[in-house]
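Residues per chain are reported as follows:
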Amino acid sequence: LTEAEQAVLDRIEQENIQFLRLQFTDILGTVKHVSIPASQAEKALTEGIYFDGSSIEGFVRIQESDMRLEPDPDTFAVIPWRDEKSGEAARLICDVIDATTGEPFVGDPRTVLKRAIARAEDMGYTLNVGPEPEFFVFEKDENGRATTTTHDAGGYFDLGPKDLASDLRREIIFNLEEMGFETEASHHEVAAGQHEIDFKYDDALTTADNIATFRSVVRATAELHDYHATFMPKPIAKVNGSGMHTHLSLFTEDGENIFHDGDDEFGLSERAKHFLGGILEHAPAITAIANPTVNSYKRLVPGYEAPVYIAWSGVNRTALVRIPAARHPAASRIELRSPDPAANPYLAIAVMLHAGLDGMEKEIEAPDPVRENIYKFDEEKREEYGIETLPENLGQAVDALEEDEVVQEALGEHVTEKFIEAKRQEFQEYNLAVSEWELDRYLEKF
Ligand code: ADP
Ligand code: MG
Ligand code: MG
Ligand code: MG
Ligand code: MG
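A brief look at the structure comes next. (Residues numbered from 1 in each chain as written. Chains lettered and ligands numbered in written order. Predicted model: local features only at pLDDT ≥ 70, side-chain atom pairs only at ≥ 80, totals over all residues. Heavy atoms only, no water.)

### A look at the overall build of the chain
1) Next: Along its length, the chain carries 13 helices and 17 strands.
2) Next: Against the 2.2 N^0.38 benchmark of 22 Å for 446 residues, the chain shows a C-alpha radius of gyration of 22 Å, consistent with a compact globule.
3) Next: For the chain, buried positions account for 56% of its 446 residues.
4) Next: At a minimum sequence separation of 6, the contacts of the chain that also span at least 24 residues come to 70%. (Helix = DSSP H or I, 4+ residues; strand = E, 2+ residues; numbered from the N terminus. Rg over C-alpha atoms; globule rule 2.2 N^0.38 Å. Buried < 20%, exposed > 50% of the residue type's maximum accessible area, 1.4 Å probe, protein only. Contact = heavy atoms within 4.5 Å.)

Spelled out as structure tokens, the structure:
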């Protein structure tokens, strides 16, 4: 046993843990669990736990389905809420190993991200990622099904008695902190029932794990109070959707932020601008991963603080990338504003990292920053500035992914193929559906 593995066994003993939830994520970003009794912990840590991969979305075909979960001992966390019957539980996030070859499984999103991280490490860099996930909390109906009735009538930063949600949010934050999160800010969002909780940036793998954990904690805590929390990007038409702005910077092994340059107008180094150039160049294909649902594209429309145009800016919150004002060198970063919280965090961070590194390797020049409100530009002006738009729907985003070799390489062949297949089908099903809107509009008219 390594020191970290022994530490896990010690904590299981000290905290009287009875069950372990072994957690991993499928290609579409759904968190999966295998529960084992704590007595199996040592075996799980040393030999791994075998499971049938064919039952997991996008994993493998039946005939090659032997998979092994290898828990990452650094991810041990006691689950702070518990159901009295099952006793104390803890979770461990796992890597998925192909049991036939003994190699990390190419279809495991965590493996995909680790590959991106290794590429950055070869160049001497560590990626730091700070996410700002937003979500809605809704009431349930008498049958226990989620509604879109918000549980409050609050507004942005509204902390008065109207914010019935602040107790729930406090409890979510408490649970997150119990699980090792350092939350930086939390507030009520623009829309009723909508919240944002920002947690401190960390290395790419830790943050991807954190995002997966965050979603479970939010949903489970809301559930305990009979509310439904959702990370669906645009649950209510004509109301701000839920995004997950993602802050990125590269540090050296010595912890120096290579994105920082105090002499630059935006505090950004040449290398940061190349990274930015890569992100903008690959933005259409990144969108397929960062905005992976039909519904994601109902958020990416003008007028609701979500980006539409492929451009960057210092302060302007209508651009795809914003450069937040940094008060000290460690805080120099770029903020990608398109991702939404339905994205698979491992894949989304992996493609952003590869795109940025591609920009650095090829020294892709970022275009000039935009200093005006792009929503107000007409087509002519956008053409003059050379500003392209993000894909308008899931179909266009998948088209962009099919044309982008850098992003495909980031995902690897297996994930690219499975992802495109699943998303083509999702988009086709959507196109075949007849919506309420169509019935309202046409049924009586024609
Ligand atoms: P906004 O103004 O867009 O709301 P916030 O201040 O809420 O931005 O978000 C800040 C996020 O950026 C936090 O998650 C924070 O930890 C993260 N962050 C700060 N410095 C860095 C950095 N150097 N690299 C990556 N993320 C960072
Ligand atoms: Mg914020
Ligand atoms: Mg926000
Ligand atoms: Mg760690
Ligand atoms: Mg932001």
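Don't stop here, the text continues.
### Some details on the pattern of salt bridges
Where charged atoms from two side chains of opposite charge come close, those side chains can pair.
1) Next: Per the counting criterion, the structure on display carries 20 salt bridges.
2) Next: Here Asp 95 ties to Lys 114 by a salt bridge, and the two come within 2.7 Å at their closest N and O atoms. Of this pair, Asp 95 sits in strand β6 (residues 89-98) while Lys 114 sits in helix α3 (residues 109-122), and the two are 19 residues apart along the sequence.
3) Next: The class for Lys 114 is partly exposed, based on a relative accessible area of 33%.
4) Next: Close ionic contact of Arg 170 with Asp 167 constitutes a salt bridge, the shortest N to O distance being 2.7 Å. Of this pair, Arg 170 and Asp 167 are both found in helix α4 (residues 166-178), 3 residues apart, which corresponds to roughly one turn of the helix.
5) Next: Salt bridges here are not isolated pairs; linked through shared partners, they connect Asp 72, Asp 95, Arg 110, Lys 114 and Asp 209. (Salt bridge = Lys/Arg side-chain N within 4 Å of Asp/Glu carboxyl O.)

### Notes on the coordination of the magnesium ion (ligand 2)
1) Next: The protein atoms that coordinate the magnesium ion (ligand 2) are Glu 132 (OE), Glu 196 (OE) and Asp 198 (OD), at distances of 2.1 to 2.6 Å.
2) Next: Expressed as a motif, the donor residue spacing for the magnesium ion (ligand 2) is E-x63-E-x1-D.
3) Next: Separating the magnesium ion (ligand 2) from the magnesium ion (ligand 3) is a gap of 5.1 Å, bridged by Glu 196, which donates to each. With respect to burial, Glu 196 and Asp 198 carry one shared label: buried. (Donors = N, O, S within 2.8 Å, 3.2 Å for Na, K, Ca; no water.)

### So, the side chain of Asp 72
1) Next: One can find Asp 72 in the loop between β4 (66-71) and β5 (77-78).
2) Next: Given a relative accessible area of 13%, Asp 72 falls into the buried group.
3) Next: One polar contact links Asp 72 to Arg 110, side chain to side chain, over a distance of 2.9 Å.
4) Next: In contact with Asp 72, not counting residues within four places along its chain, are Leu 92, Ile 93, Cys 94 and Arg 110. (Polar contact = N/O pair within 3.5 Å; in protein donor to acceptor, adjacent residues only side chain to side chain.)

### Let's talk about the packing of aromatic side chains
1) Next: Going through the model one piece at a time under the given rule, you end up with 14 aromatic pairs.
2) Next: Ring geometry for Phe 136 and Phe 138: centres 5.5 Å apart, planes at 10 degrees, overall stacked.
3) Next: In textbook terms, an aromatic cluster arises when at least three aromatic residues are bridged by ring pairs, as seen for Phe 135, Phe 181, Phe 199, Phe 214 and Phe 231.
4) Next: Its end group placed over the ring of Tyr 201, Lys 200 keeps NZ or CZ at 4.4 Å from the ring centre.
5) Next: Lys 234 extends its terminal NZ or CZ atom over the ring of Tyr 304, reaching a point 3.9 Å from the ring centre. (Phe/Tyr/Trp six-rings, centres within 6.5 Å; stacked < 30°, edge-to-face > 60°. Lys NZ or Arg CZ within 6 Å of the ring centre and 35° of its normal.)

### A few points about the site of ligand 1
1) Next: Surveying the vicinity of ligand 1 reveals 17 residues, the closest of which are Glu 132, Asp 198, Ser 249, Arg 322 and Ala 330.
2) Next: With respect to ligand 1, the side chain of Ser 249 contributes an N or O atom lying 2.7 Å from a nitrogen atom.
3) Next: Going through the elements one at a time, β7 (125-140), β10 (194-199) and β13 (244-252) are the ones with two or more residues in the shell around ligand 1.
4) Next: The residue inventory of the shell around ligand 1, partitioned by class, reads 4 nonpolar, 5 polar and 8 charged. (Near = heavy atom within 4 Å. Nonpolar A, V, L, I, M, F, W, Y, C, P; charged D, E, K, R; others polar.)

### Topic: the nonpolar core
1) Next: In this structure, Leu 250, Phe 275 and Val 321 are the most contacted members of the largest nonpolar core, which totals 90 residues.
2) Next: Setting aside its immediate chain neighbours within four residues, Leu 250 contacts Tyr 125, Thr 126, Leu 127, Glu 256, Asn 257, Ile 258, Phe 259, Phe 275, Leu 353, Leu 357 and Met 360. (Core = buried A, V, L, I, M, F, W, Y, C linked by side-chain atoms within 4.5 Å.)

### Quick notes on the environment of Glu 265
1) Next: Tracing the sequence through the fold places Glu 265 in the loop between β13 and α6 (270-281).
2) Next: Given the relative accessible area of 57%, Glu 265 is considered exposed.
3) Next: Between the C-alpha atoms of Glu 265 and Gly 314, which are 49 residues apart in sequence, the distance is 9.0 Å.
4) Next: Of the polar contacts made by the side chain of Glu 265, one reaches the side chain of Arg 371; its length is 2.8 Å.

### A few points about the pairing of strand β8 (residues 146-150)
Remember that side chains alternate between the two faces of the sheet whenever the strand is regular.
1) Next: Alignment of β7 against β8, held across 2 bridges, turns out to be antiparallel. Residue pairing for β8: Lys 140 is matched across the bridge by Ala 146.
2) Next: Adjacent in sequence and paired antiparallel, β7 and β8 are bridged by 5 residues, among which Gly 144 carries a positive phi angle near 80 degrees. (Pairing = 2+ DSSP bridges.)

### Quick look at helix α9 (residues 345-362)
1) Next: Across its 18 residues, α9 extends 26 Å between first and last C-alpha, which sits within 8% of the 26 Å expected from 1.5 Å per residue.
2) Next: Burial analysis of α9 places 16 of its 18 residues in the buried class, the great majority of the element.
3) Next: Where α9 begins, one side-chain oxygen reaches toward the backbone nitrogen of Tyr 346, 3.0 Å away; that side chain belongs to Asn 344.
4) Next: The first or second residue beyond α9 is Glu 363, which carries a positive phi of 50 degrees. (Expected span 1.5 Å × (residues − 1).)

### Topic: the packing of helix α5 (residues 204-224) against α9
1) Next: Relative orientation of the contacting elements α5 and α9 amounts to 150 degrees, with a least axis distance of 9 Å. Between α5 and α9, the angle is such that the two are roughly antiparallel. Crossing hand, α5 versus α9: right-handed. When α5 is examined against α9, the residues Ala 204, Leu 205, Thr 207, Ala 208, Asp 209, Ile 211, Ala 212 and Arg 215 are found in contact with a partner set consisting of Pro 345, Tyr 346 and Ile 349. (Axes fitted to C-alpha atoms, helices over the stretch in contact; angles between N-to-C directions. Parallel < 35°, antiparallel > 145°, perpendicular 65-115°, else oblique. Left-handed = near helix turned anticlockwise from the far one by under 90°.)

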